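# Structural overview for review
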Amino acid sequence: MTQPTLFIPHGGGPCFFMDPTDPDRPHSDPMWQPMQDYLANLIAGLPERPRAILLVSGHWEEAAFTVHSGDRPPLFFDYYGFPPHTYDLRWDAPGAPDLAHRAAALLRDAGFATGEETARGWDHGVFIPMKVALPDADIPLAQLSLRHDLDPAAHIAAGRALAPLRDEGVLIVGSGMSFHNLRAYGDPRVEEPSRLFDEWLTQAATAAAPERAALLARWVDAPFARFSHPREDHLIPLMVAAGASGAPGRHDYGELVLSSAISGYSFA
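First, a word on scope: everything that follows refers to the structure included in this document.

The rules behind each value
- Residues numbered from 1 in each chain as written.
- Predicted model: local features only at pLDDT ≥ 70, side-chain atom pairs only at ≥ 80, totals over all residues.
- Heavy atoms only, no water.
- 1 Å grid on protein atoms, 1.4 Å probe; cavity = no way out; pocket = protein on both sides within 12 Å on 5 of 7 lines; lining within 4 Å.
- Points joined across faces, edges and corners; volume = space filled by probe spheres on them.
- Nonpolar A, V, L, I, M, F, W, Y, C, P; charged D, E, K, R; others polar.
- Helix = DSSP H or I, 4+ residues; strand = E, 2+ residues; numbered from the N terminus.
- Axes fitted to C-alpha atoms, helices over the stretch in contact; angles between N-to-C directions.
- Parallel < 35°, antiparallel > 145°, perpendicular 65-115°, else oblique.
- Left-handed = near helix turned anticlockwise from the far one by under 90°.
- Contact = heavy atoms within 4.5 Å.
- Salt bridge = Lys/Arg side-chain N within 4 Å of Asp/Glu carboxyl O.
- Buried < 20%, exposed > 50% of the residue type's maximum accessible area, 1.4 Å probe, protein only.

## Considering the layout of surface pockets
With a probe scaled to a water molecule rolled over the atoms, the places where space remains empty come into view. Its volume calculated, the largest pocket comes out at about 330 Å³. Every residue lining the largest pocket is counted, 20 residues in all, and those nearest its centre are G11, G12, G13, H180 and L182. The class makeup of the residues in the lining of the largest pocket is 11 nonpolar, 8 polar and 1 charged. Approximately 260 Å³ is the volume found for the second largest pocket. Lining the second largest pocket are 13 residues, and of these L6, G45, R250, D252 and S266 sit closest to its centre. Of all the secondary structure elements, the ones that give two or more residues to the lining of the second largest pocket are β7 (249–257) and β8 (260–267). Residues of the lining of the second largest pocket, tallied by class, amount to 8 nonpolar, 3 polar and 2 charged.

Pasting the structure below:
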């Protein structure tokens, strides 16, 4: 059965694991609870359990697309200023070297220079949402980097190249945030511009594939685009997820978090 693709919000740092008395179980502040609930139901909402996951995080960029092909990646705690226990979190899922090699081959066949590496750990754009979605860490995962130029059309095309994986039982996940302006979070004045950008993004994501690709490639023309993403690293994972599908997207999650409209999408 063909797996969908997903674009998910990964929250703020280790936001779902801030309780030092029970650090391995998610205990969210009420503000983060709806997002936690959404992530916790990701796998149950799929047509069938995936055999593996290919995840693109907004926290890994390389000059060329690069896959992590290790079999037991460590965790890379790339957040700062949080309680000590959040640097001892565990998420011990196996890597997916065969999937990493297959993804790299598909990208190369599509004309993309693609690297492979085994040293880098999974960043918090991987292990924080996956620790909520897969607490048993029992589905192999391979991580794919963004390309450092953050070219939206190139990332849409990369998603298109990776689409055959969906028929091989692989769930393709883009992990980022649909609004990512760290200086603006929590300011009540952010609500209206973030809502306007979110409305545009949802219209684009749920459009037919050719229109969606054209709109997302020109996301900078959206209302309050650069306010919503001063740098687009957390938006570009959406391009990969959308590019891997020829069907209109679906708006699966939407909440106001830190005065900002945040959304998640799936693509059949």
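## A few points about the packing of helix α4 (residues 152–162) against helix α8 (residues 236–243)
In contact at an axis separation of 6 Å, α4 and α8 are set at 40 degrees when each is read in the N-to-C sense. It follows that α4 is oblique to α8 by the angle criterion. Here α4 and α8 pass one another in a crossing that is right-handed. Within the contact between the two elements, α4 uses P152, H155, I156, G159, R160 and L162 and α8 uses I236, M239, V240 and G243. Among the residues making up the contact of α4 with α8, the classes are represented as 6 nonpolar, 3 polar and 1 charged.

## With respect to the pattern of salt bridges
It is possible for side chains of opposite charge to pair when their charged atoms get near one another. What the rule picks out here adds up to 15 salt bridges. Measuring nitrogen to oxygen at the nearest pair gives 2.4 Å for the salt bridge that ties R195 to E192. On the criterion of helical spacing, the pair formed by R195 and E192 is a turn pair, its members being 3 residues apart in helix α5 (residues 191–205). A relative accessible area of 32% places R195 in the partly exposed class. The exposure class of E192 is partly exposed, given its relative accessible area of 41%.

## Some thoughts on the packing of helix α1 (residues 33–40) against helix α3 (residues 124–133)
Close contact between α1 and α3 brings their axes to 7 Å; oriented N to C, the two are set at 70 degrees. The orientation of α1 relative to α3 falls into the category roughly perpendicular. Facing α1, whose interface residues are Q36, L39 and A40, α3 presents P129, V132 and A133. In terms of residue class, the contact of α1 with α3 is built from 5 nonpolar, 1 polar and no charged.

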